[in-house]
Amino acid sequence: MSLFTTQKSRRVAQVSEENLIEIIVHSLGRACPPFPAGPGGDCAIIPQTEKARYRVSTIDSVIVGRHFDSSCSGKLAGRKLVERNLSDLAASGAKPKDALLSLMLGPNVDLDWLKEFAQAVGQSARRAGLRINGGDVCQIQAGQFSATLSVQGFSQRVLTRTTCRKDDRLFVTGELGGSRLGHHLNFRARISEGLWLANQKAVTACTDLSDGLLKDLPSLIGKKYDALVDLEKLPMRRAAHTIAQQSGRKAWQHALQDGEDYELLFCVKAKESSSFARKFKKHFPRTRLTEIGLIQVGQGLARDQKTHRPFSGKGFGHFA
Ligand SMILES: [Mg+2]
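This one's a predicted model, so the numbers in the text were calculated from it and none came from an experiment.

Draft legend 1. Geometry of the overall build of the chain. On a plain count of helices and strands, the chain comes out with 8 helices and 10 strands. In terms of overall size, the chain behaves like a compact globule, its C-alpha atoms giving a radius of gyration of 21 Å where 320 residues would be expected to give roughly 20 Å. In terms of principal-axis extent, the alpha carbons of the chain reach across some 60 × 50 × 35 Å. Looking at the chain as a whole, 52% of its 320 residues are labelled buried.

Here is the structure:
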């Protein structure tokens, strides 16, 4: 089943707006709390119960042709929408709580595809403790689809960018590169790891890798520091090697630049870095953790640890 249909009876335009909302809410399932905290009113009304110090919010979209193509299943597209947002909450060390979903649908969107999409959104949300409180549906031109999710979480201590210090060690979870061979549609945000990291005083700064290490690293360290990266230590996904064979470039270049890794990149105080790594591995025996470099006083550059030369090229940029 693909996103758009030529069969009249399968099109979303065949059902009324009220019915469409009912179908979506039903597919989201138990991720939707009952009214008034859930859909049904002008606004969702949510009692303030969280005692956490910070409320953390973010928003992200998936657009056909940009983040997935029209042959992609609703299941993978829906999951990607939620996990992309959750990855930003993870990078902040926040516990997922509430969300609003906005859908813009061409009239030829397949109703069954949309159901599968909403089911996947509901499942990913439930798994992370995220509730879909409401949202909006509107119709746009045929052949188009976009979905936006705004999410809120809570945190006692938030992880931030540009708060690292000289000599901090640089760590990354998981593996990097070659994401477009599948990982970009099939990943889970590092929510548990992010929550745990926020409780570790040794962790000084954190971000998630969405645009590629080369682009996300400068945004993590800020303008007063450089990061020295040991290329030999980069944890590379098998797909980075596969893609390198096709592109004629090196696998490490793909690990630096491809983007959509959705791993956590963070800094740890030098003195505590080895005890930190042991603790992490004990808590998350199945999450790969790699120390890939260190922080020095500088000017916001990512450099090769061996040659000290700044890396050339960039990660993924939407407007570059
Ligand atoms: Mg991010």
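The rest of the description comes next.
Draft legend 2. Layout of the coordination of the magnesium ion. Around the magnesium ion, the protein supplies D88 (OD) and D208 (OD) as donor atoms, at distances of 2.1 Å. Remark: D208 occurs in strand β6 (residues 203-208) and D88 occurs in helix α2 (residues 74-92); sequence separation between them is 120 residues.

Draft legend 3. How the structure looks around the packing of helix α1 (residues 17-28) against helix α3 (residues 111-128). One way to put it is that α1 packs onto α3 with a least axis distance of 7 Å and a crossing angle of 40°. Here α3 runs oblique to α1, going by the angle between their axes. With respect to the hand of their crossing, α1 and α3 are arranged in right-handed fashion. On α3, the residues that touch L20, I23, I24, S27 and L28 of α1 are L111, L114, K115, A118, Q119, V121 and G122. Grouping the constituent residues of the contact of α1 with α3 by class yields 8 nonpolar, 3 polar and 1 charged.

Draft legend 4. Structural view of the packing of aromatic side chains. One pass over the structure, following the stated rule, counts 14 aromatic pairs. For the pair W196 and F284, a centre-to-centre distance of 5.7 Å together with 85° between the ring planes defines the contact as edge-to-face. With W196 in helix α4 (residues 191-198) and F284 in the loop between α8 (273-283) and β9 (289-297), this pair connects stretches of sequence that are 88 residues apart. The exposure class assigned to W196 is buried, which follows from its relative accessible area of 10%. Aromatic ring contacts, followed pair by pair, group F171, W196, F266, F276, F280 and F284 into a single cluster.

Draft legend 5. Up close: the sheet that holds strand β8 (residues 264-268). Spatial ordering of the open sheet is given by β6-β8-β5-β9-β7-β10, a layout of 6 strands whose pairing is mixed. The open sheet has two free edges, formed respectively by β6 and β10 (302-304), since each of these has just one partner strand. Here the strands of the sheet are splayed against their neighbours by 30° on average, with no regard to which way each runs. When strand β5 (residues 169-173) meets β8, the two strands line up antiparallel, connected through 4 bridges. Looking at the pairing, L170 lines up with C267 of β8. On top of the sheet, α4 reaches β6 and β8; it is set at about 15° to β8, its chief contact.

Draft legend 6. Structural view of the domain arrangement of the chain. Partitioning the chain into domains gives domain 1 (8-40 + 49-155) and domain 2 (169-304). Placing the centre of domain 1 and that of domain 2 at their C-alpha centroids yields a distance of 28 Å. Counting residues at the interface gives 20 residues for domain 1, matched by 17 residues for domain 2. For the domain 1 and domain 2 pair, buried surface summed over both sides reaches about 1600 Å², with 58% attributable to carbon and sulfur atoms. Taken together, the connections running from domain 1 to domain 2 amount to 3 salt bridges. Of the charged contacts, one joins K80 and E260 as a salt bridge, the two residues approaching to 2.9 Å between their closest N and O atoms. Among the secondary structure elements, those contributing two or more residues to the side of domain 1 that touches domain 2 are α2, β2 (95-105) and α3. Class assignment for the residues of the side of domain 1 that touches domain 2 results in 9 nonpolar, 4 polar and 7 charged.

Draft legend 7. Expanded view of the environment of P107. Of note, P107 is situated in the loop between β2 and α3. C-alpha of P107 to C-alpha of Q14: the two residues are 93 residues apart in sequence and 8.3 Å apart in space.

Draft legend 8. Geometry of the sheet that holds strand β4 (residues 145-155). Strand order in the open sheet formed by 4 strands is β1-β4-β2-β3, and the pairing between neighbours is mixed. For this open sheet the edge positions go to β1 (54-63) and β3 (131-139), each flanked by a neighbour on one side alone. Neighbour-to-neighbour, the strand axes of the sheet open up by a mean angle of 15°, direction not taken into account. Note that β2 and β3 share 8 bridges and pair parallel. By the bridge assignment, L105 is partnered in β3 with Q139. Contacts between α1 and the sheet are confined to β2 and β3, with β3 contributing the most and set at about 145° to the helix.

Definitions and limits used
- Residues numbered from 1 in each chain as written.
- Predicted model: local features only at pLDDT ≥ 70, side-chain atom pairs only at ≥ 80, totals over all residues.
- Heavy atoms only, no water.
- Helix = DSSP H or I, 4+ residues; strand = E, 2+ residues; numbered from the N terminus.
- Rg over C-alpha atoms; globule rule 2.2 N^0.38 Å.
- Buried < 20%, exposed > 50% of the residue type's maximum accessible area, 1.4 Å probe, protein only.
- Donors = N, O, S within 2.8 Å, 3.2 Å for Na, K, Ca; no water.
- Axes fitted to C-alpha atoms, helices over the stretch in contact; angles between N-to-C directions.
- Parallel < 35°, antiparallel > 145°, perpendicular 65-115°, else oblique.
- Left-handed = near helix turned anticlockwise from the far one by under 90°.
- Contact = heavy atoms within 4.5 Å.
- Nonpolar A, V, L, I, M, F, W, Y, C, P; charged D, E, K, R; others polar.
- Phe/Tyr/Trp six-rings, centres within 6.5 Å; stacked < 30°, edge-to-face > 60°.
- Pairing = 2+ DSSP bridges.
- Domains from an automatic or database assignment.
- Buried area = accessible area lost by both parts, 1.4 Å probe.
- Salt bridge = Lys/Arg side-chain N within 4 Å of Asp/Glu carboxyl O.

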